[in-house]
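One letter stands for each residue in the lines below.
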Amino acid sequence: MGALAGALPSILLALLLTSTPEALGANPGLVARITDKGLEYAAQEGLLALQSELLRITLPDFTGDVRIPHAGRGSYEFRSLNIHSCELRHSALRPVPSQGLSLSISDSFIRVQGRWKVRKSFLKLQGSFDVSVKGISISVNLLLGSESSGRPTVTASSCSSDIDDVEVDMSGDLGWLLNLFHNQIESKFQKVLKSRICEMIQKSVSSDLQPYLQTLPVTTDIDSFADIDYSLVEAPWATAQMLEVMFKGEIFHRNHRSPVTLLAPVINLPEEHNKMVYFAVSDYVFNTASLVYHEEGYLNFSIIDDMIPPDSNIRLTTKSFRPFVPRLARLYPNMNLELQGSVPSAPLLNFSPGNLSVNPYMEIDAFVLLPSSSKEPVFRLTVATNVSAILTFNTSKITGFLQPGKVKVELKESKVGLFNAELLEALLNYYILNTLYPKFNGKNHCGFFRSQKQTLPSGGKRAGLGKQGSPGGCMTVGKSLLSELSDLPVTWDG
C-alpha cells in the first residue's frame, strides 16, 4: 500500500509538467492556462499511469507484535509485499486559490500478496498471505512555487488518508490458527497502512519530486545558435477554476547572451475557462528572436535572376532595369544583376487587438555579374514599408488578411547615372497591391485552421482546444496573441 503513496509523484509530476519554464517578477512572454477541465483530464490520464506503475512496485516490509491465544505476545513480520491487483476508481485534481493544486484519490482497492512470519520464544511460524485493502482515500494539497533559477518548487502542505476495510487471509504453518484472530492482524494492518500513507507521500514529494524538479532544464535549443529561455518568472498562480503558469519566453544567442532592452508587455487573458488549455504569446518572444537572427545575419538576403520564377515579368537583368536606370543596359548589355539586401536593425513585430504588424527597413545593393564572375556595384537603395495583417474569425476558421502598406524607395547611391527611384517605387506598389497581396489573401481566405463556434469577446479572439483535439481560435488581447497547440491529445466534450 505504501507504493500508492510512493508512486504518487508520477502523477503529480506529469500534472506539473503539463502546466510547465531569469529575473522573477518580470512580465512573461508566454503564459499557459490549465483550466479545471484540463486538470480533470490530466488526473484521469495520470490515474491510469499510476495504476500501471503500482503493479511494478514492491512494498516495504513492516513488523509488529500480536497476542497469540494461550501463548502470550509474539512478534510478526510481513515481507516480500507485492501488489497483485489494484483498481483506482476515482481521482480529482483541482486548483487551490493562491496555493497550487489539490489531488484526491477515493474509493480505491488494492490486493497485496506476500510472506508472513510469527515468532514466540522458540516457536516460529511462517507462510503466505493475501491482503485486500478496500475503500482507500487520499487527499493531498500541493503548494506550488518557484525559485530564483526559474524552476518550479512543490511542497505537500497537507495530507489525509483513510481506509474503509482490510481483509487478511493467511496460509502456511498453522495459518488456520492465525486466521482465528485475523481481526487483530487486520486492525494492525489497517492502522499501519493508514499512518504510513501520508508519511510516504510527504517523503516522496520532498525526496523525489522536488529534487527532480530542480534538475529540469529552463532553456532548450532552437537551432545551431539560438536557444529559448522558458524559466518561470513567478510562481504558478491558481484560482478556483484554473492554474496559470508564466514563462519568460526569451530567445537568446547561445554563445554570447546579452541583456535584452525590450520589455515584455502585460498579457491580459480573458476570464474564460470553458476549454482545457489556453496559451498566450506576446510580441516579446518574436522580437527577441528577431534580435538574435538579425545579429546572426539571417535577415540578410541575396537574389539573382535564377531565383525568380520563369513566368515572372520582372527579371534581374540590366535590360529589365533600363526604364529605371537607362545607362545601366548600355554600360553592361545583356548581363544579370544580383541584389543583396540587409536589415540595419532588427524588425520588431507589434500585436494589437485583431492585428499584427511589422515595419521592415532594408538596404539593397545591386551588382552586375560580369563575365569574369566578379561583381560590379552599380547602385544602392533603401526600401521601407509596413506589413500588417488583420485576423478575422467565423464559426469554423480563422482567416488572415494582409493590408496594403506603401513601399517607400529611396536612392542612396548610383554609379551609373540617373536612377528613377519614383518609377521603381510606383511599379513595386502596383505589383504588391494588384498581384502579391491579392494572391496571398486569396490563399488565406481558406483559413489557418478550424475552430469551434464561439462568441468572441470584444476586442479579442479566443483560443482553446476543441473537441477531439481540433484547434480552437487565436486571440490578441492588448499586445498579446492567444493561441493554442493543435496536437495535444485532448478528447473531452466541452
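Residues numbered from 1 in each chain as written. Predicted model: local features only at pLDDT ≥ 70, side-chain atom pairs only at ≥ 80, totals over all residues. Heavy atoms only, no water.

Q: So, the packing of aromatic side chains: which residues are in play, and what are the values?
A: Within this structure, the stated rule accounts for 8 aromatic pairs. Arranged with centres 5.7 Å apart and planes meeting at 70°, the rings of Phe286 and Phe351 form a pair that is edge-to-face. You can see Phe286 sitting in helix 5 (residues 283-295) and its partner Phe351 sitting in strand 17 (residues 349-352), a full 65 residues away along the chain. Residue classification places Phe351 among the buried positions, given a relative accessible area of 2%. Here the aromatic residues Phe321, Phe324, Phe379 and Phe419 are joined through ring pairs into a cluster of three or more. Geometry around Tyr278 places Arg33 over its ring, the cationic atom sitting 5.9 Å from the centre. (Phe/Tyr/Trp six-rings, centres within 6.5 Å; stacked < 30°, edge-to-face > 60°. Helix = DSSP H or I, 4+ residues; strand = E, 2+ residues; numbered from the N terminus. Buried < 20%, exposed > 50% of the residue type's maximum accessible area, 1.4 Å probe, protein only. Lys NZ or Arg CZ within 6 Å of the ring centre and 35° of its normal.)

Q: Can you explain the layout of surface pockets? Please cite residues and give values.
A: The volume enclosed by the largest pocket comes to roughly 1300 Å³. What lines the largest pocket is a set of 36 residues, among which Ile303, Ile314, Leu428, Tyr431 and Ile432 lie closest to the centre. Those elements that provide at least two residues to the lining of the largest pocket are strand 15 (301-304), strand 19 (361-369), strand 20 (375-384) and helix 7 (421-444). Ranked by residue count, the leading element in the lining of the largest pocket is helix 7, at 10 residues. By residue class, the composition of the lining of the largest pocket is 28 nonpolar, 6 polar and 2 charged. (1 Å grid on protein atoms, 1.4 Å probe; cavity = no way out; pocket = protein on both sides within 12 Å on 5 of 7 lines; lining within 4 Å. Points joined across faces, edges and corners; volume = space filled by probe spheres on them. Nonpolar A, V, L, I, M, F, W, Y, C, P; charged D, E, K, R; others polar.)

Q: So what about the pattern of salt bridges? Which residues, and what values?
A: In the structure shown here, the tally under the stated rule is 15 salt bridges. Note that Asp107 and Arg89 form a salt bridge whose closest N and O atoms lie 3.7 Å from each other. Placement of the pair is Asp107 in strand 6 (residues 100-120) and Arg89 in the loop between strand 4 (72-87) and strand 5 (90-96), with a sequence separation of 18 residues. With relative accessibility at 38%, the residue Arg89 sits in the partly exposed group. Taking the shortest distance from any N to any O, the salt bridge between Glu410 and Lys412 comes out at 3.4 Å. A residue is classified by how much of its surface remains accessible, and Lys412, at 45% relative accessible area, is partly exposed. Through salt bridges with shared partners, a single ionic network connects Asp229, Lys248, Glu250 and Arg257. (Salt bridge = Lys/Arg side-chain N within 4 Å of Asp/Glu carboxyl O.)

Q: Before we move on, can you summarise the side chain of Ser290 with the specific residues and values?
A: Within the secondary structure layout, Ser290 lies in helix 5. The class of Ser290 is buried, set by a relative accessible area of 12%.

Q: Just give me the short version of the confidence of the model for the protein, but keep the residues and values in it.
A: Scored by pLDDT, the protein has a mean of 78; 79% of the residues are at 70 or more. Counted against residues more than four places away or in other chains, residues 8-25, with its pLDDT under 50, gives 54 contacts. Scored below 50 in pLDDT, residues 448-494 shows 150 contacts in the model against residues more than four places distant or in partner chains. (pLDDT = per-residue confidence, 0-100. Contact = heavy atoms within 4.5 Å.)

Q: Describe the sheet that holds strand 16 (residues 337-342), naming the residues involved and giving the relevant values.
A: Adjacent strands of a sheet pair through backbone hydrogen bonds, lying either parallel or antiparallel. Strands sit in the order 15-16-19-20-23 across an open sheet of 5 strands; the sheet is antiparallel. Looking at which strands have only one partner, the edges of the open sheet turn out to be strand 15 and strand 23 (408-414). Along the sheet, successive strands turn relative to each other by an average axial angle of 25°, direction set aside. Of the pairings in the sheet, the one linking strand 20 to strand 23 comprises 6 bridges and is antiparallel in character. The residue of strand 23 that forms the bridge with Leu381 is Leu411. (Pairing = 2+ DSSP bridges. Axes fitted to C-alpha atoms, helices over the stretch in contact; angles between N-to-C directions.)

Q: Which residues make up the nonpolar core, and what values do they have?
A: In terms of nonpolar packing, the biggest core is built from 53 residues, with Phe78, Leu81, Phe129, Val131 and Phe189 touching the most fellow members. Mapped onto this core, the elements with two or more residues apiece are strand 1 (30-35), helix 2 (36-54), strand 4, strand 6, strand 7 (123-146), strand 8 (152-172), helix 4 (182-213) and strand 12 (242-247). Once you skip the residues sitting within four places of it in the chain, Phe129 turns out to touch Phe78, Arg79, Leu81, Val112, Gln113, Gly114, Arg115, Trp116, Asp169, Met170 and Phe189. In this structure, Val343, Phe379, Val409 and Tyr437 belong to the second largest nonpolar core, which totals 29 residues. (Core = buried A, V, L, I, M, F, W, Y, C linked by side-chain atoms within 4.5 Å.)

Q: Could you give me a rundown of unusual backbone geometry, with the residues and numbers involved?
A: Unlike most non-glycine residues, Asp107 shows phi in positive territory, near 50°. With phi around 55°, Asn334 is a residue other than glycine that occupies positive phi space. Within the secondary structure, Asn334 is located in the loop between helix 6 (326-331) and strand 16.

Q: Provide a residue-level description of the environment of Leu93, including the pertinent values.
A: Mapping Leu93 onto the fold places it in strand 5. Given the relative accessible area of 3%, Leu93 is considered buried.

Q: Requested: an account of helix 5, with residues and values cited.
A: Under the 1.5 Å per step criterion, the end-to-end length of helix 5 is 18 Å for 13 residues, consistent within 8% with the ideal 18 Å. Looking at helix 5, one finds that the buried residues are Asp283, Tyr284, Val285, Asn287, Thr288, Ala289, Ser290, Val292 and Tyr293. Of the residues flanking the end of helix 5, it is Gly297, one or two places downstream, whose phi is positive at about 85°. (Expected span 1.5 Å × (residues − 1).)

Q: Run through the state of the cysteines, naming residues and quoting values.
A: What the rule picks out here adds up to 1 disulfide. The disulfide partner of Cys159 is Cys198, and the S-S distance across this bridge is 2.1 Å. Linking Cys159 and Cys198, the disulfide has an S-S dihedral of approximately -80° and is accordingly described as left-handed. In this pair, Cys159 sits in strand 8 while Cys198 sits in helix 4, placing the two residues 39 residues apart along the sequence. (Disulfide = S-S within 2.5 Å.)

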